[in-house]
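Here are the chains, one letter per residue:
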Amino acid sequence: SQQPTQTSAPASANIIYVNPQTGNDSAAAGNQAAPYRTITLALQQAQPGTVIQLAPGSYTAQTGEVFPLIVKSGVILRGNDATRGQSILIRGGGQYLSPTFAGQNVTILAEGESEIRGVTVTNPNKRGTGVWIESGNPTVANSTFSDSKREGVFITGSANPKVENNLFIRNDGDGISIARAA
């Protein structure tokens, strides 16, 4: 006997497009024809299973980003995996109150089962960290971490992330720091 046909939507991800040059947060739909201008707005809209696709360009406070960018569990922040994010720069940092390490200056906070792929991350602020991971097991892959004032990736708390195929260059502290029970 044949199984009844599933009527649910296909398992394809919802994609939100972001372009710091041509995007418009006040009028955009977040689709390919009308992308958002900021990752900040895309992250606010994103539900688990959403891919935020970044166009080449610089994502900074000047283009409207509010740091730290918080990538919630199940959300994929994606630039260009093939070039390790060569033309997709996320640059900046903001205050994050870490449950295990007090106040920090962070560009991106990766939560739960999130993914960060194919981007370049720089935190030019004093004691600045590119990606902060405190819990869950996010994936950070095919990216470049350069010129941060402290480290590219900081892993602490009970986090058990997958960090693979990344390039770490010219960070003033470490490429990756791992602390606590991580």
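The notes below deal with the structure included here. (Residues numbered from 1 in each chain as written. Predicted model: local features only at pLDDT ≥ 70, side-chain atom pairs only at ≥ 80, totals over all residues. Heavy atoms only, no water.)

## Overview of the pattern of salt bridges
Here's step 1: What the rule picks out here adds up to 5 salt bridges.
Here's step 2: Note that Glu-115 is salt-bridged to Arg-117, the shortest N-O span being 3.2 Å.
Here's step 3: Relative accessible area serves as the criterion here: at 23%, Glu-115 is assigned to the partly exposed category.
Here's step 4: Residue class for Arg-117 comes out buried when judged on its relative accessible area of 18%.
Here's step 5: Each of the salt bridges in this network shares a partner with another, and the network as a whole consists of Asp-81, Glu-115 and Arg-117. (Salt bridge = Lys/Arg side-chain N within 4 Å of Asp/Glu carboxyl O. Buried < 20%, exposed > 50% of the residue type's maximum accessible area, 1.4 Å probe, protein only.)

## Details of the packing of aromatic side chains
Here's step 1: A complete count under the given rule lists 5 aromatic pairs for this structure.
Here's step 2: Taking 5.2 Å as the distance between ring centres and 15° as the angle between the ring planes, the aromatic pair formed by Phe-145 and Phe-168 counts as stacked. Residue Phe-145 is located in strand β13 (residues 144-146), and its partner Phe-168 is located in strand β16 (residues 167-169); the two are separated by 23 residues in the primary sequence.
Here's step 3: For Phe-145, a relative accessible area of 0% translates into the label buried.
Here's step 4: Given a relative accessible area of 27%, Phe-168 falls into the partly exposed group.
Here's step 5: Among the aromatic residues, those joined into a cluster by ring pairs are Tyr-96, Phe-101, Trp-132 and Phe-154.
Here's step 6: For Arg-180, the ring lying beneath its charged end belongs to Phe-101, and the centroid distance is 4.2 Å. (Phe/Tyr/Trp six-rings, centres within 6.5 Å; stacked < 30°, edge-to-face > 60°. Helix = DSSP H or I, 4+ residues; strand = E, 2+ residues; numbered from the N terminus. Lys NZ or Arg CZ within 6 Å of the ring centre and 35° of its normal.)

## Thoughts on the side chain of Glu-65
Here's step 1: In this structure, Glu-65 sits in the loop between β3 (57-59) and β4 (69-71).
Here's step 2: Of the polar contacts made by the side chain of Glu-65, one reaches the backbone nitrogen of Ile-39; its length is 2.7 Å.
Here's step 3: Sequence-distant contacts of Glu-65, that is, excluding residues within four places in its chain, are made with Arg-37, Thr-38, Ile-39, Thr-40, Tyr-59 and Thr-60. (Polar contact = N/O pair within 3.5 Å; in protein donor to acceptor, adjacent residues only side chain to side chain. Contact = heavy atoms within 4.5 Å.)

Scope: geometric values only; no functional claims are made or implied.
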